[in-house]
Amino acid sequence: MDARLLPAWLDRSRAEYAKDLVAAGQTPDEAGRHAADSMARYFPSGTPSPGHALFDVVDAAGATVGHLWIGPDTSEDAGSWWIWDIAIDADKRGLGLGRRAMLLGEEYARAQGAHTLGLSVFGFNTGARGLYESLGYETTSVKMLKRLG
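Undergrad: Where do I start with the overall build of the protein chain in this structure?
TA: Summing up its helical and strand segments, the protein chain has four helices and four strands in all. Ordering the α and β elements of the protein chain from the N terminus gives α-α-β-β-β-α-β-α. Relative to the globule expectation of 15 Å for 149 residues, the C-alpha radius of gyration of the protein chain, 16 Å, shows essentially globular dimensions. For the protein chain, the spread of C-alpha atoms along the three principal axes comes to 45 × 40 × 35 Å. A total of 149 residues make up the protein chain; the buried ones form 31% of that total. The long-range fraction of contacts in the protein chain, counting pairs at least 24 apart against all pairs at least 6 apart in sequence, stands at 49%. Looking at the protein chain as shown, the accessible area adds up to about 9500 Å², and 54% of this sits on carbon and sulfur atoms. Looking at charge distribution, the protein chain has the averaged site of its 15 positive side-chain charges lying 5 Å from that of its 19 negative ones.

Structural data, given as structure tokens:
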């Protein structure tokens, strides 16, 4: 991603993450703090942490239609990598761009020495879950919530 576009991406990504956290059950205040803390941790001084990479996803015409953020996971295993975020513009979904971005992410992670690649997906994001399952990702944990009242 062009470094000049990073500040706007950080703001948008932080807001989208907070919105998803609210949809998953956090209060708006909790979600805002959580999203801000996460972005500050992985983008200190507004630049990616060591090992993290942020890529534009472009269509056949060269237009940016999304992004992929990939890097080491939080474990002590240097070979364990994580898809921190992937997003494709709503009007460009279903065209195979997310699939291709994920496959290129796998190639990139392998080239960096990764032996596993994980990710998290919100339960309500059924489209993304279907994509990840079709790419061979397996469920390793499930977090559940029941709203009371």
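Undergrad: Where do I start with the nonpolar core in this structure?
TA: Nonpolar side chains in soluble globular proteins generally cluster together in the buried interior. With 20 residues, the main nonpolar core has I70, I83, I86, M102, L117, Y132 and Y137 as its most contacted residues. Elements supplying a minimum of two residues to this core: β1 (53-58), β2 (64-72), β3 (80-88), α3 (97-111), β4 (116-119) and α4 (126-134). Setting aside chain neighbours within four positions, we find M102 in contact with I83, I86, L119, L131, Y132, L135 and Y137.

Undergrad: Help me understand unusual backbone geometry, please; the structure alone is not making it clear to me.
TA: The bulk of non-glycine residues show a negative phi, and the bulk of peptide bonds are trans. One non-glycine residue, S45, adopts positive backbone phi at about 60 degrees. Assignment of secondary structure puts S45 in the loop between α2 (28-42) and β1. Judged by its relative accessible area of 80%, S45 is exposed.

Undergrad: Honestly, the packing of α3 against α4 in this entry has me stumped. Any pointers?
TA: The contact between α3 and α4 brings their axes to 11 Å, and the two run at 50 degrees. Relative to α4, α3 is oriented oblique. Remark: the crossing between α3 and α4 carries right-handed chirality. When α3 is examined against α4, the residues G98, R99 and M102 are found in contact with a partner set consisting of L131, Y132 and S134. Looking at side-chain class alone, the contact of α3 with α4 contains three nonpolar, two polar and one charged residues.

Undergrad: What is the right way to look at α2 in this model?
TA: Here α2 is 15 residues long and its end C-alpha atoms lie 21 Å apart, about the 21 Å a rise of 1.5 Å per residue gives. Within the sequence span of α2, burial applies to A31, A35, S38, M39 and Y42. Taken around the axis of α2, the buried residues stretch over an arc of 95 degrees, which confines them to a single face. Residues of α2 that are exposed and point over 90 degrees away from its buried face: D29 and R33. The inward-facing, buried residues of α2 contact α1 (6-23), β2 and β3.

Undergrad: For this particular structure, what's the right way to read the pairing of β3?
TA: Two faces make up the sheet, and in a regular strand the side chains alternate between them. Pairing geometry for β2 and β3, over seven bridges, is antiparallel. Each residue of the ladder has a partner; that of P72, found in β3, is W81. When β3 meets β4, the two strands line up parallel, connected through four bridges. Bridge pairing in β4 places W81 opposite L117. In this region the chain leaves β3, passes through α3 and returns to the parallel neighbour β4; the handedness of that crossover is right-handed.

Basis of the calculations
- Numbers given for residues are sequential positions, taken from 1 along each chain in its written order.
- For a predicted model such as this one, the threshold for reporting local features is a pLDDT of at least 70, and the threshold for listing and counting side-chain atom pairs is 80 or more; totals across whole chains, interfaces and linings nevertheless cover every residue.
- Note: side-chain values were computed over all heavy atoms of the structure, leaving out hydrogens and water.
- A run of DSSP states H or I qualifies as a helix once it reaches four residues; a run of E qualifies as a strand once it reaches two. Both are numbered from the N-terminal end.
- Computation of the radius of gyration draws on C-alpha atoms alone. For the globule rule, the value is 2.2 Å times the number of residues to the power 0.38.
- Only protein chains enter the area calculation, which uses a 1.4 Å probe; residues under 20% of their type maximum are buried, those over 50% are exposed, and those in between are partly exposed.
- Any two residues having at least one pair of non-hydrogen atoms within 4.5 Å are treated as being in contact.
- Methods summary: accessible areas were calculated by the Shrake-Rupley approach with a probe of 1.4 Å, and residue burial reflects only the protein chains presented.
- Lys and Arg are tallied as positive, Asp and Glu as negative. Neither His nor the chain termini are counted.
- To locate a charge, take NZ of a lysine, CZ of an arginine, CG of an aspartate or CD of a glutamate.
- Joining through side-chain atoms within 4.5 Å is the link that ties buried Ala, Val, Leu, Ile, Met, Phe, Trp, Tyr and Cys residues into a set, and such a set is a nonpolar core.
- Orientation is described by lines fitted to C-alpha atoms, with helices fitted over the stretch in contact, and by angles between N-to-C directions that extend from 0 to 180 degrees.
- In these notes the angle categories are as follows: under 35 degrees is roughly parallel, over 145 is roughly antiparallel, 65 to 115 is roughly perpendicular, and the rest is oblique.
- Note on convention: the crossing is left-handed when the near helix lies turned anticlockwise from the far helix by less than a right angle, right-handed when the turn is clockwise.
- Amino acids outside the nonpolar list (Ala, Val, Leu, Ile, Met, Phe, Trp, Tyr, Cys, Pro) and the charged list (Asp, Glu, Lys, Arg) are all regarded as polar, and Gly is one of them.
- One less than the number of residues in a helix, times 1.5 Å, gives the span that helix is expected to have.
- Think of the arc as the fan of directions from the helix axis to the C-beta atoms.
- Any two strands with at least two DSSP-identified bridges between them are counted as paired.
- A crossover counts as right-handed when, viewed with the strands pointing away from the observer, the path leading from the first strand over the helix to the second turns clockwise.

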